[in-house]
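Close look at the chain arrangement
Below, each chain spelled out in residue letters.
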Amino acid sequence: LLLAFIIFGTNTVNTSYLPLLLTDTGAPVALVSTTLTVALFAEVIAMALSHRFMDHFTNKQLLLAILFLSGTEYLINFLSSDFLVLSIATVLTKFFASGTFIMLNLKMVSTLLNRKLIATGTAVVAMLSRNIGTIFFQMMAGPIIDQIGLNYLYLLLFVFTVIAAVIALLFKVPAQPKERLFS
């Protein structure tokens, strides 16, 4: 639940402020919209191809890959002010990581709970981690942006992602559900 709290919270804040970050580079809104649309197709592609990778890697491997992709995006968003660099990072990381995490969330709940409780478990994760994580990170984002700038919000998101990676490395992550969910 703690990892989902961090991942869902940072991802939602990123989704909220990414258009602002991209327009701050001087890019027109139409180009920013096109970039985000192309990036969203990456999430659709990840879900369409999920049968090729979701059941072939352990939950921990997928979790660490998602954290690596998200952390990479946040670090690039902190360091760069070039629209092209930010756009490429967004297309290659953001939606692939968020789409894969949605599927991983289902896979991990399936690993931990019996079949009858999967819907309840997924709802609990959404309620506690996604909603409260979003509230926590949104409440933090505004003052950070106002006081030290939008780029530093991404530094903070990067730090939280590194913390989540350390937690994932130090603690046991359930390996796999008994049955294949995506193949």
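Per chain, residues are indexed from 1 in the order of the written sequence. Under the rules for a predicted model, residues below a pLDDT of 70 receive no local features and side-chain atom pairs below 80 are neither given nor counted, while totals for whole chains, interfaces and linings still include all residues. Note: side-chain values were computed over all heavy atoms of the structure, leaving out hydrogens and water.

**Let's talk about the overall build of the protein**
Our working definition: Strands here mean DSSP runs of E at least two residues long; helices mean DSSP runs of H or I at least four residues long; both are numbered from the N terminus. The globule rule used here is 2.2 Å times the number of residues to the 0.38 power, and the radius of gyration it is set against is calculated over C-alpha atoms. Per-residue accessibility, obtained with a 1.4 Å probe over protein chains only, is compared with the maximum for each type, and a residue is labelled buried under 20%, exposed over 50%, and partly exposed between these values. In what follows, residue pairs with any heavy atoms lying within 4.5 Å of each other are defined as contacts. Under the convention used here, a 1.4 Å probe and the Shrake-Rupley method define accessible areas, while residue burial counts only the protein chains that appear. By the counting rule applied here, Lys and Arg register as positive and Asp and Glu as negative, while His and the ends of each chain are not counted. Note on charges: their place is set at NZ of Lys, CZ of Arg, CG of Asp or CD of Glu.
A count of helical and extended segments in the protein gives 6 helices and 0 strands. Computed over C-alpha atoms, the radius of gyration of the protein comes to 16 Å, within 12% of the 16 Å expected from 2.2 N^0.38 for 183 residues, which places it in the range of a compact globule. The dimensions of the protein, computed from C-alpha atoms along their principal axes, are 50 × 30 × 25 Å. Across the 183 residues of the protein, 46% fall into the buried class. Restricting to contacts in the protein with at least 6 residues of sequence separation, those with at least 24 account for 83%. As displayed, the protein offers around 9,500 Å² of accessible surface, 72% of which is attributable to carbon and sulfur atoms. On the protein, the mean spot of the 10 positive side-chain charges and the mean spot of the 7 negative ones are 20 Å from each other.

**Some thoughts on the environment of phenylalanine 136**
By secondary structure assignment, the location of phenylalanine 136 is in helix H5 (residues 118–148). Not counting residues up to four positions away in its chain, the partners in contact with phenylalanine 136 are Phe5 and Phe160.

**Remarks on helix H1 (residues 2–23)**
Heads up, the condition is: The span expected for a helix works out to 1.5 Å for each residue beyond the first. Note that the bend at a residue is defined as the angle between axes fitted to the seven residues ending at it and the seven residues starting at it.
Here H1 is 22 residues long and its end C-alpha atoms lie 32 Å apart, about the 32 Å a rise of 1.5 Å per residue gives. Maximum bend of H1: about 45°, positioned at tyrosine 17, with proline proline 19 one to four residues after it.

**Side note on the environment of phenylalanine 137**
Tracing the backbone through its elements, the reader meets phenylalanine 137 in helix H5. Along the chain, phenylalanine 137 and asparagine 14 lie 123 residues apart, while their C-alpha atoms are 9.7 Å from each other. If we skip the residues at most four places from it in the chain, phenylalanine 137 touches Phe5, Ile6, Gly9, Thr10, Val13, Leu157 and Phe160.

**Thoughts on the side chain of serine 80**
Using the following cut-off: Any pair of N or O atoms that falls within 3.5 Å is considered a polar contact. Within protein, one atom must be able to donate a hydrogen and the other to accept it, and sequence-neighbouring residues count only if both atoms are side-chain atoms.
Note that serine 80 resides in the loop between helix H3 (59–79) and helix H4 (83–112). Reaching out from serine 80, the side chain makes a polar contact with the backbone nitrogen of aspartate 82 at a distance of 3.1 Å. Setting aside residues up to four positions removed in sequence, serine 80 forms contacts with Val85, Leu86 and Asn151.

**A closer look at helix H2 (residues 29–48)**
The following threshold applies: The arc in question is formed by the directions pointing from the helix axis toward the C-beta atoms.
Given a rise of 1.5 Å per residue, 20 residues ought to cover 28 Å, and the 29 Å separating the end C-alpha atoms of H2 matches this to within 8%. Every buried residue of H2 is accounted for by Val32, Thr35, Leu36, Ala39, Ala42, Glu43 and Ala46. Along the axis of H2, the buried residues cluster in a sector spanning 95°; they form a single face. Away from its buried face by more than 90 degrees, H2 exposes Ala30, Phe41, Val44 and Ala48. Buried residues belonging to H2 abut H1 and H4.

**Regarding the packing of H4 against H5**
The cut-off we apply is this: Working convention: axes come from line fits to C-alpha atoms, limited for helices to the stretch in contact. Angles between N-to-C directions cover 0 to 180 degrees. Angle categories are assigned with fixed cut-offs, so that under 35 degrees is roughly parallel, over 145 is roughly antiparallel, 65 to 115 is roughly perpendicular, and the rest are oblique. The sense of a crossing depends on the near helix, which, turned anticlockwise from the far helix by less than a right angle, makes the crossing left-handed and, turned clockwise, makes it right-handed. Residue polarity follows a fixed list, in which Ala, Val, Leu, Ile, Met, Phe, Trp, Tyr, Cys and Pro are nonpolar, Asp, Glu, Lys and Arg are charged, and the others, Gly among them, are polar.
Where H4 contacts H5, the two axes come as close as 9 Å, and the packing angle between them is 125°. It follows that H4 is oblique to H5 by the angle criterion. When the axes of H4 and H5 are compared, the crossing they make is right-handed. Facing Ile102, Asn105, Leu106, Val109 and Ser110 of H4, the residues of H5 in contact are Ile118, Gly121, Thr122, Val125 and Arg130. Taken together, the residues of the contact of H4 with H5 break down into 5 nonpolar, 4 polar and 1 charged.

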